[in-house]
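# Topology and contacts: notes
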Amino acid sequence: AAEKIKIYPNPVDDGFRIGGVEGESSIHLTDLDGRILVSKQISNKEFIPLGFLHTGIYFVKIQTIDGVITKKLIKE
C-alpha cells in the first residue's frame, strides 16, 4: 500500500533509499519539466545514487504491484 512507501533521507545529498516496496517495483525520477533522469527496477531499501543531480526539486514515480505513487524529492 502507498502509505507504507517511504523515501529516505529526504532532502537527499548523494542518494536515497525507498522502503516499503514489495515484489517487483520500478522508479522514474523526473525533473520539474518532466524529463526522466533515472529509470530502473528497484528492490526494497536499494540505494539510488543521485550525486550527479543539481540542487532542486524532483519527483519520484514508484510503480509497484499495488499501483503508482509519486513523491517529491529535494536534492540539497
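Let us look at the structure shown here. Since this is a predicted model, take the numbers as computed values, not measurements.

Procedures and definitions
- Residues numbered from 1 in each chain as written.
- Predicted model: local features only at pLDDT ≥ 70, side-chain atom pairs only at ≥ 80, totals over all residues.
- Heavy atoms only, no water.
- Pairing = 2+ DSSP bridges.
- Helix = DSSP H or I, 4+ residues; strand = E, 2+ residues; numbered from the N terminus.
- Axes fitted to C-alpha atoms, helices over the stretch in contact; angles between N-to-C directions.

## A few points about the pairing of strand β4 (residues 36-42)
Pairing between strand β3 (residues 25-30) and β4: six bridges, direction antiparallel. Bridge pairing in β4 places His 28 opposite Ser 39. Here β3 folds back onto β4, and the loop between the two strands holds five residues, one of which, Gly 34, carries a positive phi near 90 degrees.

## Details of the sheet that holds strand β1 (residues 6-8)
If you walk across this open sheet you meet the three strands as β1-β2-β5, and the pairing is antiparallel. Two strands close off the open sheet at either side, each with one partner strand: β1 and β5 (47-49). Across the sheet, the mean angle from the axis of one strand to that of its neighbour is 25 degrees, orientation sign disregarded. Strand direction decides the pairing type here: β1 and strand β2 (residues 15-19), joined by three bridges, are antiparallel. Bridged to Ile 7 within β2 is Ile 18.

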